[in-house]
Structures are given as C-alpha cells and as structure tokens.
Amino acid sequence: MSLEEKGITTQKLKVIFVIFLVLSLANIVSLLSRGKHMKELTVKVNQQSLIIEEKDKQIETDKVQYTSLAARLHKEIKKVGELETELKKYRR
C-alpha cells in the first residue's frame, strides 16, 4: 500500500467513525426525549390516579348519604302508612 492509499483509507475510516458518532448522538438524543416523555406520562398517570381516588371517596360518601336518605324515606313512608291506617279507623 502506498502512502496515498493509506491516506484515503484513513479518511474513509474517519468518515465512517464520524457517521457512527452522529448516529450514536442522534440515538442518545432520541432516548433522552423518550425518557422525558415517559416522565411526563408518569406524572399525568399519578395525577389521574389521585383524581380517581378522590372521586372514589366522593362516590363512597354519596353512597352513604343516599343509603341514609333512603332509610329515612322508608321510615317516613312507613309512618305515613301507619297514620293512614289509624285515620281509617277513626273515620269508621
């Protein structure tokens, strides 16, 4: 191999090395971008989990209130029925 051929081979190797370096840097940037996106998604998921947890608590509270109101309504209806029966006795 002559000196000129060695120079050309060295240049080719340098070009290939630079190409691999650029591709590696592009890959690193892509990975960092994906990592940032994953962190953002994780934050959003955590926020949604907190919202869901709060809504579950509210639903449970509403369910307890509904059950209480339904029980009170049932008692009142029962009282009304008893009063109607007593009223019928006095009408006779």
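Look up a bit, the structure's there.
All figures in this text were calculated on a predicted structure; none of them were measured in a lab. Residue positions within a chain follow its written sequence, with the count starting from 1. Local features in this predicted model are restricted to residues of pLDDT 70 or higher, and side-chain atom pairs are both shown and tallied only at a pLDDT of 80 or more, whereas totals for entire chains, interfaces and linings draw on every residue. For side-chain calculations, the full set of non-hydrogen atoms in the structure is used, while hydrogens and water are omitted.

A closer look at the overall build of the protein chain
Here comes step 1: Regarding its fold elements, the protein chain presents one helix and zero strands.
Here comes step 2: A burial count over the protein chain gives 0% of its 92 residues as buried.
Here comes step 3: A total accessible area of about 9200 Å² is found for the protein chain, and carbon and sulfur atoms account for 64% of it. Think of it this way: any DSSP run of H or I at least four residues long counts as a helix, any run of E at least two long counts as a strand, and we number them from the N terminus. Note on exposure labels: buried denotes an accessible area under 20% of the residue type's maximum, exposed denotes more than 50%, and partly exposed covers the range between, all computed with a 1.4 Å probe on protein chains only. For every accessible area listed, the method is Shrake-Rupley and the probe measures 1.4 Å; residues are considered covered only by the protein chains on display.

Examining a nonpolar patch on the surface
Here comes step 1: A cluster of nonpolar side chains, namely Phe-17, Val-18, Leu-21, Val-22, Leu-25, Ile-28 and Leu-32, defines an oily patch on the protein surface of about 690 Å² accessible area.
Here comes step 2: Relative to the assigned elements, Leu-32 resides in helix α1 (residues 3-91). Residues form patches when they are more than 30% accessible in relative terms and have no salt bridge. Like charges link within 9 Å. Nonpolar side chains (Val, Leu, Ile, Met, Phe, Trp, Tyr) link within 5 Å. Note on definitions: salt bridges are taken to be side-chain nitrogens of Lys or Arg within 4 Å of carboxyl oxygens of Asp or Glu.

Considering the pattern of salt bridges
Here comes step 1: Scanning the entire structure with this criterion turns up three salt bridges.
Here comes step 2: The closest approach of N and O atoms between Lys-63 and Glu-60, which form a salt bridge, is 3.9 Å. You can see Lys-63 and its partner Glu-60 sitting in helix α1, three residues apart, about one turn around the helix.

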